[in-house]
Amino acid sequence: MTEHEQNLRDLAAMFAMAALLTRSKELDILADNITSSAFELADQFMLARNPTPEDGIAAIKPTKRKEPK
């Protein structure tokens, strides 16, 4: 896992932890399980993200060049 991917996983865990903390009583989650639950959600996020696209870099999509007029 690259440093960028690790930072993205940590960010996802932070948001998951915030959501779990705000809903911990509703979800009946113990405080010592929130951290592990947040990182489990972050790992699921990373798997769903699929950072290795089949057709090259995810941010760059092949486009047709416009012909000059």
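These figures come from a predicted structure and were not determined experimentally.

Draft legend 1. Highlighting the overall build of the protein chain. Scanning the protein chain from N- to C-terminus turns up three helices and zero strands. Order of helices (α) and strands (β) in the protein chain, N terminus to C terminus: α-α-α. Counting all 69 residues of the protein chain, 16% fall into the buried class. When the accessible area of the protein chain is evaluated, it comes to approximately 6,200 Å², of which 57% is carbon and sulfur surface.

Draft legend 2. Seen up close, the pattern of salt bridges. All told, the structure shown has one salt bridge when counted by the stated rule. Asp43 is the salt-bridge partner of Arg9, the closest N and O atoms lying 2.5 Å from each other. Taken together, the residues Arg9 in helix α1 (residues 3-22) and Asp43 in helix α3 (residues 31-49) connect sequence positions 34 residues apart. For Asp43, a relative accessible area of 33% gives the class partly exposed.

Cut-offs used in this document
- Starting from 1, residues in each chain are numbered consecutively following that chain's sequence as written.
- In view of the model being predicted, local features appear only for residues whose pLDDT reaches at least 70, and side-chain atom pairs are presented and counted only at 80 or more, with totals across whole chains, interfaces and linings using the full set of residues.
- To get the side-chain values, take all heavy atoms of the structure and skip hydrogens and water.
- Under the DSSP-based scheme used, a helix requires at least four consecutive residues in state H or I and a strand at least two consecutive residues in state E, with every element numbered from the N terminus.
- To sort residues, take the accessible area from a 1.4 Å probe on protein chains only and compare it with the maximum for the residue type: under 20% means buried, over 50% means exposed, and anything in between is partly exposed.
- What sets the accessible areas is the Shrake-Rupley method with a 1.4 Å probe; for residues, cover comes only from the shown protein chains.
- When a carboxyl oxygen of Asp or Glu lies within 4 Å of a side-chain nitrogen of Lys or Arg, that pair is called a salt bridge.

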